[in-house]
Amino acid sequence: MTVHIASTVHVGRHGDASDGALAEAVGGRLSRVDGPAKITGAARYAVEQQLEGLAYAVLVESTIASGKVRAIDTKAAGAAPGVLKVLTPDTIISLKGASDWFGTPPLHKTYCPLARDITFSGQHVAAVVADTFEQAVAAAALLKVSYDETPAIVDLSDGKAGDGIPIDAMTKEWGDAPAAFASAPVRICAAYNTPREYQAPMEPHGLIARWEGDHLTVWEPSQWLDGMARTYAEWFDIPFENVRLVSPYIGGGFGSKALALSHGAVAASAAKMLGRPVRLVMTRPQTFTGYGGRAATRQTVTIGAGHDGVIQSIVHRGVNETSMDGMWVEPLGSVTSIMYATPNFSSKQNVVRVNSVVPGAMRAPGENPSAFGIESAIDELAYEVGIDPLEIRLRNYAEQDPHAKKAWSTRQLREAFAAGAERFGWARRTPQPRSMRDGNQLIGWGVAAGTYPVRRAYGEAIVRILADGSVEVESSSIDMGQGTYTILAQTAAETVGVPADNVVVKLGDSRFPRAGVTGGSRLAGVMTGAVYKAATSALDQLVGLAISDQRSPFHALQANTLVVANGRIASPRGDGPDISIAELLKSVGRDHIEATGDTMPANSTAEDRYKNYTTIAMSVPHTEGDFSRHSWCAHFIEVRVDEDFGTVRVSRVVSALDSGRLYNPKLAESQWKGGIIMGIGQALLEEGIMDRRHGRIVNNNLADYLVPTNADIPDIEVISVGIPDLHSSVLGGKGVGELAIVGVAPAIANAVFHATGKRIRDLPITLEKLI
Amino acid sequence: MRDFSYFRASSLDAARQAAALPGTMLLAGGTTLIDLAKCGVAEPDTLVDITHLKGLDRIDVNERGATIGALAKMGHIADHADIKSRFPAISEALWQAASAQIRNMATIGGNLMQRTRCPYFRGPANFSACNKREPGSGCSAIGGVTRGHAVLGTSEACIAMYPGDLATALVAFDATVHLGERKLLVDDFFLLPGSTPDREHAIEPGEMITSIEIPSSAAAHRSTYLKIRDRQSYEFAAASAAVGIEFEADGRTIRDLRVALGGVATKPWRARAVEEALKGKVLEPETVRAASRLAVEGAVDHGANHYKIELAPRVVARAILKLGETA
Ligand SMILES: Cc1cc2nc3c(=O)[nH]c(=O)nc-3n(C[C@H](O)[C@H](O)[C@H](O)COP(=O)(O)OP(=O)(O)OC[C@H]3O[C@@H](n4cnc5c(N)ncnc54)[C@H](O)[C@@H]3O)c2cc1C
Ligand code: SF4
């Protein structure tokens, strides 16, 4: 039996609305289906659950960066009104160590989320649980923690920091880069630094934990329900199935909500100890130390080239900070090694331990700072040899992956340069720095490219066709604003053949079919594939019933296929009945049809599946097989720099991006713009400012840690230059979420150089660097 | 839990009487006070809510000047047609301050009384030394993160910057603060830190700001407020200038000039030296730039805030020249 599916993958050039796809179909510009619930306040976020007997926990953090807790005087806090429990390392229940996100077993058998040994300022040392939030806050202020302080290594520039630990796995080398550099006619060498940056999601981290016997339910904003559920299960030594994570909406994560964190362990321990559900929400300042932001980085990029600007050698050295007892590697050579063709290349990276919380994932970890280095350096080379910055990028265009030595699955970067330059009017640029101005405003035009690998994994979904003809999709994947609810509704609607209005997508509950991490821009590709498979098999069943069930009005037709469209079933030639799905199900006496679909390899074991959904160990390498798979983009940015004040304002952005096929261009554009806006913040505003005497970030709130406001953001034009890439995903998409931030900061720094003649190699580009 | 009592004042006298008691604080829009309570800086025993007092939110503008009630909202004043036309710098200072939401809540009484953004002042849990919070405890800022701290009017005890925009415009135009019957020039209302940085205003227990009066002047009529910052909106000033100018009949010679600086000093900072240097002079870019340097005479930096000494005179000069262009 064959089933006809109106797939648009091969129909047009882009496979989306620009070829005429309907809003409801895959590739259509359907508005966010969760929009109305969020705008009206009907959407209930994790910690907004109203539970009987809820108690409130408040964290107490270390005020020193290095040393030991000598004593915690809990007397006053314990006696304060409403206090149920004061948790310290001595009183909290003991937990088991949990494996990391690769599934690597823990170093230590036990785990205590409250610290005795202090390795950074802002570390959780105690918690107070009370009947009300206010009581807990007041009592927490009464805890007296005394310390034996030892000298801290505050950051990468600390004299005590040293060179750090070489990370051999990051080394990438071919040819003889140092020798080729030494003999190159043109040589540039520069150091580029990025500071600590923070995800700063609107919704702070927090959770409600409730125990029923040895079953734990956690309502928590999560980018990865199954991964977090595994960690909770391991901590509390209960079966994975006993943990339920619920996370229907997430108020922004940007990488920071993928893992179960120590505050979660504290809340779940408190709930267990008290036999009551416990809510714990971090304060805004705590979100700066309760988990890691983007690690501060240092890179040196040396390029040897001919006078024609053709690169002969790149030598790259990178360093990122990590914590005293955790390991975070921010892969700084990731863009450096693939963006340009070079016969000789060397990249190495060290990691330096400082007294900080272990850094974490933040939108395009690795690629983002990496691009700041190489995309600034190539601009410096362009001025050195006197070649247009766009032209030099084309002269060094990598026709294949220079590192993996494989063909690109698709690389529409040349198209991106062409489309962006055209819309931006790049040809009108005058090359000299300080050559364009408007009164006191120096105008600069900069270009930079960005890229992000296509990370792939496997997903699972259930599709049900219900008695009323509507369709239900279930998956434990999540929607943190990127549009999962919407694109999965589109996928199911198109595949089954019903209007998108008739599809209800249920996400954010670990009881649903499983999904891996929502990170690395992989979810859309993974989950549209899984829903497509499940929906296809549900449709198969539906059509199968219609054809073969004796009670079906189609039975007499003896057809070997039927067409389902717009919620109705008919024969392809239209020579039989034409009835709704609901009527068919009624006629055959079924109240629903259900199909599970997954994209796991056929012979996968239960263990494989568990590993795939609860760790990242089974991610498929982007260079697997014959191809190297990446998304690509080119940013063209205009800045205006006030010559007296040094203030930089971005006045125009045109970005052309290749994310393959877009499942929903409206949502993809909005994610791209979000990435570009975040990139503007990174370039001009964002920086954790350290009091070096205390090893403490002092601008730990949203009045002082600046992210862009609407007034900082000009009109942003984004152009899709992608084409369906079936090597990257079932339906032809590549990654969307992280791509667009990559390359924004160097494009702005390059524009600032063009405007002012000053090369700023330390982010952010604040006014005192330019006056 | 830290209990406090809440009292809704029914009359001005009742409010003032209550406010005279130790541990009592007036509550207006709450945008500073609640924030400081959350940081653990303000720990009032009693809050006296004055927002229901009648008649204190009036904005009256006539030939002699403007009288603005203490409970008038920042947003209303910024949008007031007569304030915009006769005191443009006042309106501009207000709409460039804070965010739309805050301006809709915040009153100008509370606005004048806003406290410094010094992170050490705002972080008692982590930084015990702060002379402003705890007299005699020392100053955590000196030797620490000082990018936002003052370069003018500092003392060894405190280098905290006064962050308000409105008051900067008020000192430029000789506005007075009315504390019931008592009146003070805004310039005298704000105190230098000296050895008592905990005392910021010449206001006594039991006193309350009832209104602000801004006398009309030709300089106030031709005025502007220029605020420079890294972020285009919703950020305190890196440096700002309130400037008003009156020309002689030739339209080029400066008869009267008012200059005040924000974002760089421990209190709203009137730059009289700049005013004196330019009065009677013809407005020329070079003259203006040279005179503007006098704005930072005596400035002392603490490292990271050095840029303010460069920046502030440029802001002053730009503001003066901009007003000249419209002559
Ligand atoms: C994130 C943020 C950004 C900001 N940005 C800016 C900015 O860019 N520029 C700027 O100028 N301001 C800025 N502000 C400060 C803001 O303008 C003030 O918070 C606001 O004006 C205070 O007014 P309120 O009515 O809310 O005062 P409240 O918070 O109610 O009171 C503040 C203080 O004044 C006292 N008080 C109130 N009314 C009176 C009265 N009539 N007499 C005597 N004492 C009184 C209170 O007891 C309290 O101590 C910002 C504030 C925040 C939170
Ligand atoms: S500058 Fe003033 S407010 Fe800041 S810590 Fe020092 S004394 Fe306190």
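Reading the values: the criteria
- Residues numbered from 1 in each chain as written.
- Chains lettered and ligands numbered in written order.
- Predicted model: local features only at pLDDT ≥ 70, side-chain atom pairs only at ≥ 80, totals over all residues.
- Heavy atoms only, no water.
- Helix = DSSP H or I, 4+ residues; strand = E, 2+ residues; numbered from the N terminus.
- Rg over C-alpha atoms; globule rule 2.2 N^0.38 Å.
- Buried < 20%, exposed > 50% of the residue type's maximum accessible area, 1.4 Å probe, protein only.
- Areas by Shrake-Rupley, 256 points an atom, 1.4 Å probe, with all protein chains shown as cover.
- Lys, Arg positive; Asp, Glu negative; His and termini not counted.
- Charge placed at Lys NZ, Arg CZ, Asp CG, Glu CD.
- Salt bridge = Lys/Arg side-chain N within 4 Å of Asp/Glu carboxyl O.
- Contact = heavy atoms within 4.5 Å.
- Polar contact = N/O pair within 3.5 Å; in protein donor to acceptor, adjacent residues only side chain to side chain.
- Near = heavy atom within 4 Å.
- Pairing = 2+ DSSP bridges.
- Nonpolar A, V, L, I, M, F, W, Y, C, P; charged D, E, K, R; others polar.
- Buried area = accessible area lost by both parts, 1.4 Å probe.
- Axes fitted to C-alpha atoms, helices over the stretch in contact; angles between N-to-C directions.
- Core = buried A, V, L, I, M, F, W, Y, C linked by side-chain atoms within 4.5 Å.
- pLDDT = per-residue confidence, 0-100.
- Domains from an automatic or database assignment.

A. The overall build of chain A, seen in detail. Regarding its fold elements, chain A presents 15 helices and 34 strands. For 771 residues, the compact-globule estimate of 2.2 N^0.38 gives 28 Å, and the C-alpha radius of gyration of chain A, at 27 Å, lies within 12% of that figure. Taking the principal axes of its C-alpha atoms as reference, chain A extends roughly 85 × 75 × 50 Å. Counting over 771 residues, chain A shows a buried share of 64%. Surface exposure of chain A reaches about 27,500 Å², of which carbon and sulfur atoms provide 52%.

B. Representation of the overall build of chain B within the structure. Across its full length, chain B carries 13 helices and 12 strands. Compactness check: chain B gives a C-alpha radius of gyration of 19 Å against a globular reference of 20 Å for 327 residues, within 12% of the reference. Taken over 327 residues, chain B has a buried fraction of 56%. Accessible surface computed for chain B: about 13,300 Å², of which carbon and sulfur atoms make up 52%. Seen as two clouds, the 38 positive and the 38 negative side-chain charges of chain B have centres 3 Å apart.

C. Summary view of the pattern of salt bridges. All names here are of chain A. Per the stated rule, a full pass over the model turns up 70 salt bridges over all chains. Among the ionic pairs, K506 bridges to E472, the shortest N-O distance being 3.4 Å. Residue K506 is located in strand β24 (residues 503-506), and its partner E472 is located in strand β23 (residues 471-474); the two are separated by 34 residues in the primary sequence. Given a relative accessible area of 33%, K506 falls into the partly exposed group. Overall, the relative accessible area of 13% leaves E472 in the buried class.

D. Layout of the environment of T756(A). Residues and elements named next belong to chain A. Here T756 shows up in helix α15 (residues 744-756). Since its relative accessible area comes to 11%, T756 is described here as buried. Taking the C-alpha atoms as reference points, T756 and E643, separated by 113 residues in sequence, lie 7.9 Å from one another. Apart from the residues within four sequence positions on either side, T756 is in contact with R434, L442, V641 and L770. Separated by 2.7 Å, the side chain of T756 and the backbone oxygen of V752 make a polar contact. Within the structure, the side chain of T756 is placed 2.9 Å from the backbone nitrogen of K758, a separation counted as a polar contact.

E. The arrangement of the site of ligand 1 in detail. As a matter of local geometry, ligand 1 sits amid 31 residues, with L26(B), G30(B), T31(B), T32(B) and D165(B) nearest to it. In this structure, ligand 1 sits where chains A and B come together, each supplying nearby residues. I209(B) has a polar backbone atom sitting 2.9 Å from a nitrogen atom of ligand 1. Against a free-state accessible area of 970 Å², the protein chains account for coverage of 94% of ligand 1.

F. Region of the structure containing the sheet that holds strand β12 (residues 269-270) of chain B. Residues and elements named next belong to chain B. With respect to topology, 4 strands assemble into an open sheet ordered β9-β10-β11-β12, the strand pairing being antiparallel. Looking along the sheet, the strands with just one partner apiece sit at the ends: β9 (223-228) and β12. Here strand β11 (residues 254-262) pairs with β12 via 2 bridges, running antiparallel. In the sheet register, L261 faces β12, and the bridge partner there is W269.

G. Fine view of the site of ligand 2. Close contacts around ligand 2 come from 14 residues, with C118(B), C130(B), C139(B), C158(B) and I159(B) the closest. Residues of the shell around ligand 2, tallied by class, amount to 10 nonpolar, 3 polar and 1 charged.

H. Summary view of the pairing of strand β2 (residues 67-73) of chain A. Residue and element names in this part refer to chain A. One ladder, built from 2 bridges, connects β2 with strand β6 (residues 117-118); its direction is antiparallel. The residue bridging K68 from the neighbouring strand is D117, located in β6. Bridge count for β2 against strand β8 (residues 144-149) is 6 bridges, and the pairing is antiparallel. Looking at β8, one finds that K68 is bridged to D148.

I. Seen up close, the interface of chain A and chain B. Contacts between the two partners involve 34 residues from chain A, matched on the other side by 30 residues from chain B. Together chain A and chain B conceal approximately 2,800 Å² of surface at their shared face, both sides included; 57% is due to carbon and sulfur atoms. Looking at the side of chain A facing chain B, the largest losses of area belong to F645(A), R693(A) and L767(A), adding up to 21% of the total buried there. Across the contact surface, chain A and chain B share 4 salt bridges. Measuring nitrogen to oxygen at the nearest pair gives 2.6 Å for the salt bridge that ties R147(B) to E768(A). Among the elements of the structure, α3 (133-140) and β32 (690-691) of chain A are those that each provide at least two residues to the side of chain A that touches chain B.

J. Examining α3(A) more closely. For α3(A), the complete set of buried residues consists of Q135(A), A136(A), A138(A), A139(A) and A140(A). Each element contacted by the buried residues of α3(A) is listed here: β1 (55-61), α2 (75-79), β3 (83-87) and β7 (124-130) of chain A.

K. Up close: the sheet that holds strand β26 (residues 568-570) of chain A. Residue and element names in this part refer to chain A. Spatially, β25-β26-β27 is the arrangement adopted by the 3 strands of the open sheet, whose pairing is antiparallel. Each edge of the sheet is formed by a strand with only one pairing partner; in this case those strands are β25 (563-565) and β27 (578-580). The sheet shows a mean angle of 25° between the axes of neighbouring strands, direction not considered. Sheet analysis places β25 next to β26, joined by 3 bridges and oriented antiparallel. Bridging across to β26, V564 finds its partner in I569.

L. Quick peek at the nonpolar core. Grouped together as the largest cluster of nonpolar side chains are 90 residues, with contacts concentrated most on F636(A), V639(A), I748(A) and I765(A). Residues A457(A), L488(A), A493(A) and V526(A) belong to the second largest nonpolar core, which totals 47 residues.

M. Structural detail: the confidence of the model for chain B. When pLDDT is averaged along chain B, the result is 97, and 99% of the positions lie at 70 or above. The ipTM for the predicted assembly is 0.97, set against a pTM of 0.97.

N. Geometry of the environment of D379(A). All names here are of chain A. Its location among the elements puts D379 in helix α7 (residues 367-385). By relative accessible area, D379 is classed as buried at 1%. Between the C-alpha atoms of D379 and L390, which are 11 residues apart in sequence, the distance is 8.8 Å. The contact partners of D379, leaving out residues within four places of it in the chain, are P389, R393, V447, N750 and R759.

O. Spotlight on the domain arrangement of chain A. Residue and element names in this part refer to chain A. Domain annotation for chain A reports domain 1 (1-21 + 406-454 + 622-771), domain 2 (46-152 + 205-288) and domain 3 (456-614). A C-alpha centroid distance of 37 Å is found between domain 1 and domain 2. Roughly 720 Å² is buried in total at the junction of domain 1 and domain 2, and carbon and sulfur atoms are behind 63% of that figure. Broken down residue by residue, the surface that domain 1 buries against domain 2 is led by R696, N700 and L702, which jointly contribute 54%. At the boundary of domain 1 with domain 2, the tally comes to 0 salt bridges. Here domain 1 and domain 2 share 1 residue pair in polar contact (both at pLDDT 80 or more) between them. For the side of domain 1 that touches domain 2, the residue count by class is 3 nonpolar, 5 polar and 1 charged.

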